[in-house]
Structure formats: structure tokens, C-alpha cells
Amino acid sequence: KRIAILISGGGSNMVSLAESMVGDHPARPVLVLSNDTEAGGLAKASAMGIATAAIDHKPFGDDRAGFEALLKTELENADADLICLAGFMRILTAEFISRWEGRMLNIHPSLLPKYKGLNTHARALRAGDKMAGCSVHEVTAALDDGPILGQAQVPILPGDTADTLAARVLPMEHRLYPAVLRRFAAGDRTPVYLKS
Ligand code: GRF
């Protein structure tokens, strides 16, 4: 399987995914693409020998279809079979998503279905939750809403802030996403559950 990884920032999840695709793994990273030409993850991907592309979304304004036309070209050039969204901060149109239905994954820093959208850790803290974590799901048209393929749980501790909680969740993302991709790339949708 040929994997395209979409990022917007540092790409720590991209790095852990790319590092996992070695040996007898059924997938290989063939493209790392960012909507931000300055994304730190692009240099990391290049250093790992992975082809990169950057499409600045800002000139397109709200012309999402225009941005996605270039995205489509890059994905076709890389002959990608599967997309992993990894810290990718753009909303994709239902039309684009429908073309990748069943072939696009995302990692979200909450125990879905709780806290779809942004500021997940602050919301879990404000709610007084005892647990937090991250979820990998298939991408569907509704935001952060598709079938769950894996979850990792961490405890919320007294005195936690959104930053300390994010710092506890992120390493679990780096364990969860590769574990899910290995199964999914082999056609296995059995969910993965991890606890710290
Ligand atoms: C992190 O907050 C992570 O929870 C979410 O995207 C953000 C950046 O991740 N998935 P990355 O370091 O760019 O992979």
C-alpha cells in the first residue's frame, strides 16, 4: 500500500507513521504533503527520504475545490492508495472525502465521540473527566465522526493543564496511529485499544 501523509505543522505523527513502515509492513510512505509551505514536518520527511509537496491554502480563500484540485494531482502523481491525515488542519469537502471513502484515516486528540473539533484537552479538563486520549478513525463527511479504528487512553491528573495533558496524549498518538495503520493496510479493521 502506498501511503500519503497530510500534515500542517511539526509532523510528529507523520514521523512515527513513516518510521513504522519498514520490513514486512504492508505499506510504505510515498508522499508527505502540507497545506503550509513552512510546516516543520516537510523537512523531517525530506530527511527521511520521503517525497514532499506543499500547497499553500491561503491564496485559495474559501475555494476549497481549487485547493483540492492541486491536492488530487499530487496524490495521483504519487499514486497513493491511502491517505493518513496527521495534524492536518484543513476541512476537506464532502466531495473529496467521498472519493477517498474507506481509504482515508485521521488521528484526533480525544476519546471520540467526545470532543469533536478543536481544544479537546481544555474541554476534557473543564468537564472534569478522569480520562483523556486519542482516536484514529476513518474520515467521513461529518467532522471527526467516522468509524473508530483505535483509541488510546491516558489518565487526567490533578493539576493538569491542556499542555500537560497534550504532552501525555501525544506519545500515545505515536503508538496508536502506527498500530492502526499496520492493521488497516493489511485489510484488518479490528479496533486497537491502548492504555498508558
Ligand atoms: C497534535 O496536537 C495532535 O494531537 C494532533 O495534531 C497536533 C499536531 O500533531 N493530531 P503533529 O505533531 O503535527 O503530528
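Per an unreviewed UniProt entry, the recorded name for the protein chain is Phosphoribosylglycinamide formyltransferase, and the organism is Pseudohalocynthiibacter aestuariivivens. Per UniProt, the protein chain has the following entry under Sequence similarities (unreviewed entry): "Belongs to the GART family."

Caption draft 1: Looking closely at helix α1 (residues 12-20). Taking burial as the measure, the 9 residues of α1 include 7 buried ones, the bulk of the element. Those residues of α1 hidden inside the fold are in contact with β1 (2-7), β2 (28-34), α2 (40-47), β4 (82-85), β5 (104-108) and α6 (162-185).

Caption draft 2: Geometry of the site of the ligand. Taken together, Gly10, Gly11, Ser12, Asn13, Gly87, Ile107, Pro109, Leu170 and Glu173 make up the full set of residues adjacent to the ligand. A distance of 2.6 Å separates an oxygen atom of the ligand from a polar side-chain atom of Ser12. Within the complex, the protein chains bury 74% of what would otherwise be the 360 Å² of accessible surface of the ligand. Listed by contribution, the elements that provide at least two residues to the shell around the ligand are α1 and α6. Class assignment of the residues belonging to the shell around the ligand gives a composition of 3 nonpolar, 5 polar and 1 charged.

Rules behind the numbers
Residues numbered from 1 in each chain as written. Predicted model: local features only at pLDDT ≥ 70, side-chain atom pairs only at ≥ 80, totals over all residues. Heavy atoms only, no water. UniProt positions renumbered as here; feature names shortened; annotations may be inferred. Buried < 20%, exposed > 50% of the residue type's maximum accessible area, 1.4 Å probe, protein only. Helix = DSSP H or I, 4+ residues; strand = E, 2+ residues; numbered from the N terminus. Contact = heavy atoms within 4.5 Å. Near = heavy atom within 4 Å. Polar contact = N/O pair within 3.5 Å; in protein donor to acceptor, adjacent residues only side chain to side chain. Areas by Shrake-Rupley, 256 points an atom, 1.4 Å probe, with all protein chains shown as cover. Nonpolar A, V, L, I, M, F, W, Y, C, P; charged D, E, K, R; others polar.

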